[in-house]
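# Secondary and tertiary structure notes
Each chain, letter by letter, is given below.
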Amino acid sequence: MPFSAPRLPVLRACVALALLGGAHAALAAPVAAVHEAAQAQRQGMLDTMRDLVGIESGSKDVEGVERIAELIRDRLKALGGKAEILPATDVFRLDDTPEKVGPMVHAEFKGKGDRKIMLIAHMDTVYRNGMLKDQPFRIDGDKAYGLGIADDKHGVAMILHTIALLQKLGFDDFGTLTVLINGDEEISSPGARSTITRLGAEQDAVFSFEGGGAEPRLTLATSGIGAAYLTVQGKTSHAGSRPEGGVNALYELAHQVLQLDDLSKPEAGLKLNWTVAQAGTNRNVIPGQATAQADARALRVSDFDALSRSLEEGIKNKLLPDSKVSVKFEIRRPPLEATPASRALARHGVEIYKELDLPLKVVDRASGGGTDAAFAALKARGPVIEGMGLSGFGAHSNDAEYIRIDSIVPRLYLAARMIMDVSQGKAPMK
């Protein structure tokens, strides 16, 4: 649906942009109309974060996720978007995927241009139902605290208020502005990943609104997250009177874990670490089954493919010929890889931040973690930028999660300018 806000402010913005020079010139001052519009959204952002924090929405609390989804859908409709709640119907079953997965909120805003841009965030949290009473929304100095505020309810608020800001400017030079907010990110997005990838492939640019870091940054690369599950089937027997009648699954498991421990290639960012193991039922029984789990990290999708093949080949070398060994490898979240297009667009973001006399770091090598932006990037034709959210601290903490209030205006300004410049062909995309 087209925006219907007055056109005067956007004319002021365009004039200011023209006076400041072309897309690649060093910009010396903020575009006044955009900066003023960002400042006007500050209190609204705080109010929205309060409302979002006030609804508990742990990933496995599907009813809570459905409640917050309704609030977000209604807010997007009020902004003029065609908004709907999408159930998770194409669920990628991981080892710990719950029977029921929370929905997504999808919205689309139609403009008069031809560029397609998508904004993503997530509305679920890691917290259990009932924890809100110990971490309600509150403001203390320049910090706003609240359960899930840093990861990632502020990101949802950022999307809502960036759209509201563009409306106030009467800006609709994009072709479509797509919003997708999912309710299962903290459990590796089993229900949303295929939708994120499908929609991401249609966009000219994707902006993901996870936190922007204590030191303001944009993120172009994150580690992929994988998991290996090793199962050994042996044979039980009495450990005292007839141990030779058994096939000790624990012995075989130890052999497998030790021989598979050298698959890591830290210098290339590939890491495999065995972290959980279980075997046996009683002290006096030769264990008939044993299992182990490993955490895997990679910088490239191809590294995970190679690791999976290496695991399958490695388990063929057994200590106990009569044991049965199997391994399952799952990609919980692919890596987000920096591209020339994402680097170029991020550099443009750095120049925008300079207009505010603020530094902005670009992280283009993964150091850990994972992001839904990686699903958007799997088949993307344009740049994917992560870390468009606010500065904050304490994600996944039950007593200290907060965002910095002084980052609201700069980040809204950045988000709006990036969307405007991409829409008008003024941002480098190669």
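No experiment lies behind these values; they were computed from the predicted model shown.

Reading guide: rules and limits
Residues numbered from 1 in each chain as written. Predicted model: local features only at pLDDT ≥ 70, side-chain atom pairs only at ≥ 80, totals over all residues. Heavy atoms only, no water. Helix = DSSP H or I, 4+ residues; strand = E, 2+ residues; numbered from the N terminus. Expected span 1.5 Å × (residues − 1). Buried < 20%, exposed > 50% of the residue type's maximum accessible area, 1.4 Å probe, protein only. Arc of directions from axis to C-beta. Contact = heavy atoms within 4.5 Å. UniProt positions renumbered as here; feature names shortened; annotations may be inferred. Pairing = 2+ DSSP bridges. Phe/Tyr/Trp six-rings, centres within 6.5 Å; stacked < 30°, edge-to-face > 60°. Lys NZ or Arg CZ within 6 Å of the ring centre and 35° of its normal. Axes fitted to C-alpha atoms, helices over the stretch in contact; angles between N-to-C directions.

### Some points on helix H3 (residues 42-53)
If you check H3, its first and last C-alpha atoms are 17 Å apart, about what 12 residues at 1.5 Å a residue would give, namely 16 Å. Those residues of H3 not exposed but buried are Met-45, Leu-46, Thr-48, Met-49, Leu-52 and Val-53. Relative to the axis of H3, the buried residues are bounded by an arc of 165 degrees and lie together on one face. The secondary structure elements touched by the buried residues of H3 are helix H4 (62-78), strand S4 (138-140), strand S5 (143-145), helix H5 (149-169), strand S16 (402-404) and helix H11 (408-423).

### Some remarks on the UniProt feature "domain: Peptidase M20 dimerisation" (unreviewed entry) in the protein
The positions that UniProt labels "domain: Peptidase M20 dimerisation" (unreviewed entry) are, in the present scheme, residues 221-321. Helix makes up 25% of residues 221-321 and strand 29%. Its end C-alpha atoms lie 43 Å apart.

### A word on the sheet that holds S4
A sheet is described by the order of its strands in space; here four strands give the open sequence S4-S5-S16-S15, paired in antiparallel fashion. In the strand order of this sheet, the two ends are held by S4 and strand S15 (392-393), each with one partner. Of the strand pairs in this sheet, S5 and S16 are connected by three bridges, and their pairing is antiparallel. Across the sheet, the residue bridging to Tyr-145 is Tyr-402, located in S16.

### Section: helix H2 (residues 32-40)
Among the residues of H2, Ala-33, Val-34, Ala-37 and Ala-38 are the ones counted as buried. Down the axis of H2, the sector holding all buried residues measures 135 degrees, keeping them to one side.

### Describing the packing of aromatic side chains
Think of a pair of aromatic rings as described by two things: how far the centres are apart, and how the planes are tilted against each other in angle. Scanning the model with the defined rule gives four aromatic pairs in all. Residues Phe-171 and Phe-174 carry aromatic rings whose centres are separated by 6.4 Å and whose planes lie at 50 degrees to one another, so their mutual orientation is tilted. Phe-171 gets classed as buried once you look at its relative accessible area, which sits at 0%. An aromatic cluster is defined as three or more aromatic residues linked by ring pairs; in this entry it consists of Tyr-145, Phe-393 and Tyr-402. The ring centre of Tyr-402 lies 5.3 Å from the NZ or CZ of Lys-143, which sits over that ring. Here the basic side chain of Lys-328 rests over the ring of Tyr-229, its NZ or CZ set 5.1 Å away from the ring centre.

### Regarding the side chain of Ser-208
Residue placement: Ser-208 occurs in strand S7 (residues 205-208). Those residues in contact with Ser-208, other than ones at most four positions away along the chain, are Ile-120, Thr-371, Ala-373, Ile-385, Glu-386, Gly-387 and Met-388.

### Some words on the sheet that holds strand S2 (residues 104-110)
Strands pair in a sheet through their backbones, by hydrogen bonds, and they do so in one of two ways: parallel or antiparallel. Read across the open sheet, the six strands follow the order S1-S2-S6-S3-S7-S14; overall the sheet is mixed. Looking at strand neighbours, the two that pair on one side only are strand S1 (82-86) and strand S14 (384-385), the edges of this open sheet. Across five bridges, S1 lies against S2 in antiparallel orientation. From the neighbouring strand, Ile-85 faces S2, where its bridge partner is Val-105. The strands touched by helix H6 (residues 193-200) are S2, strand S3 (116-122), strand S6 (176-182) and S7; relative to S6, the strand with the most contacts, the crossing angle is about 165 degrees.

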